[in-house]
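# Results of the structural survey
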Amino acid sequence: MKEYTPEQIKRKADELRLHVIEMTTAAGSGHPGGSLSSADLIASLYFSVMKHDPKNPQWEDRDRFVLSKGHVAPVLYAALAESGYFPVKDLVTLRKMGSKLQGHPVRGKVPGVEMSTGSLGQGLSMACGIALAGKMDKKDYYTYCLLGDGELQSGQNWEAAMFAVQYDLTHLIAFVDRNRLQIEGDTEKVMGLDSLTEKFLAFGWNVYEIDGHNIDHILGAVKVAKANKEGPSIIVMNTVKGKGVSFMENNAGFHGRACKPDEYEKAVKELKEALQ
Amino acid sequence: MTQKLAQRNYYGKALAKLAETNPNVIAMDADLAGSTKTSEFRKVAPERFVEVGIAEQNLIGIAAGLAASGKTVFASTFAVFASGRCWEQIRLALAYPKLNVKVVSTHCGISVGADGASHQALEDMAIMRALPNMVVISPADAYEAYAATLAIAEYDGPVYMRLGRADVPVLFPEDVKFEIGKAKVLRTGTDVTLIGTGQMVALCMEAADMLEKEGITADVIDMSTIKPLDTQAIVTSVSKTGCAVTAEEHSVIGGLGSAVSEFLSENMPCPVTRIGTRDTFGESGDPDELFKKYGLTAEDIREAAKRSIGMKE
């Protein structure tokens, strides 16, 4: 596998962002805001952190990734296509009739998608199950899981949080895309989550809080988490919803709607400038 | 005196056998292993037993992750919780991706008795049957429950199986076979088809005895798979008898009675009378008294048979 430098990963993340804008605009719907906030993590995972083989998606020693916040499927699909799981030209079929790229990820439909998600609050449990299977089978693979911050309002996550500690799932590393916005606005006004770090510490996890747009932070935190000999790890990433497109940043309105034509032109221009 | 055995005990025995014979099988529970009898698996293969605590939604998510990693998973708790608390988890995590998890519930129906309505699942077959890709099984006795447990372990896909708590009459020999989607004809007659599931099959047999004394003969079918429904068995019998009665320890809404009625009304309309609870919750009480109050006795099935026969043209 090609070795990517942090600068190259950052560039990949911006390429994924560009795909996200193109895909969701072509679809006329989708969830660009959270896709943009998690692009740096997704690029870091697929182009540096994870051991995986796009030519052999079922390779049994691969690292696994569960996208608990399934609505940011566009950024996952973009990373899978850029990795070589399927042609990049398929990306614009997102959300269209007959496409494998359903509005939310479906296991068995898209090479590289491990679990069906989209109903929030379930992915961490699934990731725990995969990590437990690896532990039972004495495998070395890691299971990564991306959680939205809003979905942590759902109780099932905390059932899974207890489970991961009880079963000492050292090879489970979760991430929270802490962009502080959900559909109804500020997470702290809708149903407060602070402090996620203290909550997970209280549950017994190894917790790291980082800048989720800093590739060095992401790679460094994963490295430290992998060195842990006890317990699961979670990396709380402080992020900006809509990151990379000025008028989408910190704008809850782009949680679940695509760009209009004029917005699209502006967004593409900004992202292409970033890629210059 | 008819021999009586509890289905859950034979589920436990079958799990213990699977623990010995199939290293790929995992059993899971949500703090009820001693009651559901997954404890029998734990005795043999503690390293492949997964306790999740009182957390049914997590139970299903963990099961999905294990199944996605190639395991055959049996996840158990009481029927109310197994079907209701985590229905949407079962929908997304198991049924949609067709993962190899068997949700096996115990303590179904009002025969749970004293615990009352909170613990008496009368809707589970309805909500499980509505899920695409889901197989729904309800064995008639303990030996059929044993055979069904081994059979579903061989099937690659999601299954919901409901079992009772109490001892129920033995209908089959110990080595009875079970095939998913295949009904069993236990008795033949010409006037009415009695289709039962779960412990109601034994009551259908009793009702058939009573009817015979009145000169009425009945086919009795053990519909141990609710989905996929053995429509061939229904056609064969009803084309002869011209009417049917369904009997289940479950609401008449959405379960066996609905499945049979839906099939017959679309394909060969004929009188059908459904025995089951009629859009009501149960309550605490002695199971026999509850069966009387909620219209689930052999006498109720007998009267239903006469009603169906009376409605024939």
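The preceding data block contains the structure.
Right, let's walk through the structure included here.

Basis of the calculations
Residues numbered from 1 in each chain as written. Chains lettered and ligands numbered in written order. Predicted model: local features only at pLDDT ≥ 70, side-chain atom pairs only at ≥ 80, totals over all residues. Core = buried A, V, L, I, M, F, W, Y, C linked by C-beta atoms within 7 Å. Buried ≥ 20, exposed ≤ 12 C-beta atoms within 10 Å, placed from the backbone. Domains from an automatic or database assignment. Helix = DSSP H or I, 4+ residues; strand = E, 2+ residues; numbered from the N terminus. Pairing = 2+ DSSP bridges. Axes fitted to C-alpha atoms, helices over the stretch in contact; angles between N-to-C directions. Parallel < 35°, antiparallel > 145°, perpendicular 65-115°, else oblique. Left-handed = near helix turned anticlockwise from the far one by under 90°. Contact = placed C-beta atoms within 7 Å. Nonpolar A, V, L, I, M, F, W, Y, C, P; charged D, E, K, R; others polar.

### Remarks on the nonpolar core
With 198 residues, the main nonpolar core has C128(A), M28(B), A63(B), A64(B), L194(B), C204(B) and I301(B) as its most contacted residues. Composition of this core by domain shows at least three residues from each of domain 1 (4-169) and domain 2 (184-311) of chain B.

### With respect to the environment of H107(B)
Residues and elements named next belong to chain B. Structurally, the position occupied by H107 is in the loop between β5 (101-106) and α7 (124-129). On the neighbour-count criterion, H107 (26 C-beta atoms within 10 Å) is buried. Between the C-alpha atoms of H107 and A19, which are 88 residues apart in sequence, the distance is 23 Å.

### Considering the sheet that holds strand β1 (residues 64-67) of chain A
Residues and elements named next belong to chain A. Taken in spatial order, the 5 strands line up as β1-β2-β3-β7-β6 in an open sheet, and their pairing is parallel. Because the sheet does not close on itself, it has two edges, and the strands there are β1 and β6 (206-211). Across the sheet, the mean angle separating the axes of adjacent strands is 20° when strand polarity is ignored. Pairing between strand β2 (residues 143-148) and strand β3 (residues 172-178): 6 bridges, direction parallel. The partner of G148 across the bridge, within β3, is D177.

### Thoughts on the packing of helix α1 (residues 6-27) of chain A against helix α3 (residues 39-49) of chain A
Residue and element names in this part refer to chain A. It is at 8 Å that the axes of α1 and α3 come closest, and there the two elements cross at 120°. Considering the angle they form, α1 stands oblique to α3. Seen along the crossing, α1 lies across α3 with a hand that is right-handed. Here I9, K12, A13, L16 and R17 of α1 lie close against α3, whose contacting residues are A39, D40, I42, A43, S44, F47 and S48. In terms of residue class, the contact of α1 with α3 is made up of 7 nonpolar, 2 polar and 3 charged.

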